[in-house]
Amino acid sequence: MDLFLQRVFDGLANGSAYALIAVALVLIFKATTLINFAQGELAMLGAFFAIQLWYWGVPMWGAVIVAMLLTAILAAGVERTLIRPFDPKDHLPLVIITLGLFLAINAFAGIVWRFDPRQFPELFPSGNALDIGSRGLSWYAVFTIGLTIIVMLLLQLLLNKTKVGLAFRSVSSNLESSELVGIKVGSTLQFGWALAAAVGTLGACVYVANPLLSLEPYVMLRVLIFASSAAALGGLDSIWGALVGGLAIGFVQSFLVQYLDFIPSEMSLAAAVVVLLIILLFKPAGLFGTASVERV
């Protein structure tokens, strides 16, 4: 029972971190129906910004907030210079651009900060918030879960109660009609890219703040695949679906791989993808995604 509870706690913590990155993917997909393959590397770069600011004496949470702003500005610039000139309906060049950004950002981080793993400073108190038997629910897990829910609620308020959020929802629903009613589509999409980068940076900082992990240029590669699976599982146009998908992937990683002896721990990534494929066979739009409707 103690081991079962520990895996529950681990699944909640990992799943919440995956959900934050998945939300960033969902924000881009809602507006452009494009998977941003550079999202994980932008988040990783933001984590390096945060740790560098901390080296310079900025308090850790202040460094994270400034890093979120820096990556938001960077993503807005990427959208304006590299994404907007292309036809949004033609995904092939946009996919190639995001893959190129993936490689470029990874190489840049390696050149500037090297490829040696480094311990990320603590964002949350150490120790356990709750001890049950010989196992405990860490403060890291508590704050990660709570922070993820707070971010989801703030995004929900932003998208539903503000003018820029309503414009973003309109563009997400119908780009051509949004242009006809006077919405500045380019600026709105730029806002979406900036918001996604900020949320992704927060997710990366929370993920690498796990005492068992360290920060290095390749740290987000596996996370991006887990987060992409979480976004697709929950529904690529559903913010709350990203949370459910992230928790589901976290539990698959904690339980399925650990309890089935014939699945080695190195296969946790493949196990998550297999579960995703099984779900999508029955629900192609994901658990909470909107099924596409085409008029003929």
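Each value, and the rule that gives it
- Residues numbered from 1 in each chain as written.
- Predicted model: local features only at pLDDT ≥ 70, side-chain atom pairs only at ≥ 80, totals over all residues.
- Heavy atoms only, no water.
- Helix = DSSP H or I, 4+ residues; strand = E, 2+ residues; numbered from the N terminus.
- Contact = heavy atoms within 4.5 Å.
- Phe/Tyr/Trp six-rings, centres within 6.5 Å; stacked < 30°, edge-to-face > 60°.
- Buried < 20%, exposed > 50% of the residue type's maximum accessible area, 1.4 Å probe, protein only.
- Axes fitted to C-alpha atoms, helices over the stretch in contact; angles between N-to-C directions.
- Parallel < 35°, antiparallel > 145°, perpendicular 65-115°, else oblique.
- Left-handed = near helix turned anticlockwise from the far one by under 90°.
- Nonpolar A, V, L, I, M, F, W, Y, C, P; charged D, E, K, R; others polar.
- 1 Å grid on protein atoms, 1.4 Å probe; cavity = no way out; pocket = protein on both sides within 12 Å on 5 of 7 lines; lining within 4 Å.
- Points joined across faces, edges and corners; volume = space filled by probe spheres on them.
- Polar contact = N/O pair within 3.5 Å; in protein donor to acceptor, adjacent residues only side chain to side chain.
- Salt bridge = Lys/Arg side-chain N within 4 Å of Asp/Glu carboxyl O.
- Expected span 1.5 Å × (residues − 1).
- pLDDT = per-residue confidence, 0-100.

**Describing the environment of Gly186**
- Within the fold, Gly186 resides in helix 8 (residues 185–208).
- For the pair Gly186 and Ile83, spaced 103 residues apart in the sequence, the C-alpha separation amounts to 10.0 Å.
- Apart from residues lying up to four places away in sequence, Gly186 is in contact with Glu79 and Arg84.

**Notes on the packing of aromatic side chains**
- The final tally for this structure, using the stated rule, is 12 aromatic pairs.
- Between Phe48 and Trp113, the ring centres sit 4.8 Å apart and the planes meet at 15°, which makes this aromatic pair stacked. One end of the pair, Phe48, is in helix 2 (residues 39–55); the other, Trp113, is in helix 4 (residues 91–113), and 65 residues separate them in sequence. Here the two residues Phe48 and Trp113 agree in accessibility, since each one is buried.
- Seen from their ring centres, Phe168 and Phe191 are 6.4 Å apart, and the 80° between their planes marks the pair as edge-to-face. Within this pair, whereas Phe168 is found in helix 6 (residues 163–173), its partner Phe191 is found in helix 8, the two being separated by 23 residues in sequence.

**Concerning the packing of helix 8 against helix 9 (residues 219–234)**
- Where helix 8 contacts helix 9, the two axes come as close as 12 Å, and the packing angle between them is 115°. In terms of axis orientation, helix 8 runs roughly perpendicular to helix 9. Where helix 8 crosses over helix 9, the two elements pack in a sense that is right-handed. Judged by residue contacts, Ala204, Tyr207 and Val208 of helix 8 engage Val219, Met220 and Val223 from helix 9.
- Here the contact of helix 8 with helix 9 is composed, by residue class, of 6 nonpolar, no polar and no charged.

**Things to note about the layout of surface pockets**
- Roughly 730 Å³ of volume is contained in the second largest pocket.
- Lining the second largest pocket are 27 residues, and of these Phe29, Lys30, Thr33, Ser172 and Ser173 sit closest to its centre.
- Put simply, the parts of the chain that give the lining of the second largest pocket at least two residues each are helix 1 (2–32), helix 6 and helix 7 (175–180).
- By residue class, the composition of the lining of the second largest pocket is 11 nonpolar, 11 polar and 5 charged.

**Remarks on the environment of Gln119**
- Mapped onto the elements of the fold, Gln119 is located in the loop between helix 4 and strand 1 (128–132).
- Distance from Gln119 to Ile51, taken between C-alpha atoms, is 9.4 Å for residues 68 residues apart in sequence.
- A distance of 3.3 Å separates a polar atom in the side chain of Gln119 from the backbone oxygen of Leu213.

**Looking at the pattern of salt bridges**
- According to the stated counting rule, one finds 1 salt bridge in the structure shown.
- Where Arg84 meets Glu79, a salt bridge forms, and the shortest distance between an N and an O atom there is 3.0 Å.
- Overall, the relative accessible area of 2% leaves Glu79 in the buried class.

**Description of helix 3 (residues 60–83)**
- Counted at 1.5 Å a residue, the expected span for helix 3 with its 24 residues is 34 Å, and the 32 Å between its end C-alpha atoms agrees.
- Those residues of helix 3 that sit buried are Met60, Ala63, Val64, Ala67, Met68, Thr71, Ala72, Ala75, Ala76, Val78, Glu79 and Ile83.
- Looking at the buried side of helix 3, the elements it contacts are helix 2, helix 4 and helix 8.

**Re the side chain of Gln253**
- For Gln253, the location among the structural elements is in helix 10 (residues 239–259).
- A polar atom in the side chain of Gln253 sits 2.6 Å from the side chain of Tyr18.

**Focus on the confidence of the model for the protein chain**
- Scored by pLDDT, the protein chain comes out at a mean of 85, with 91% of its residues at no less than 70.
- For the protein chain, per-element mean pLDDT is lowest for strand 1, which scores 71, and highest for helix 3, which scores 95.

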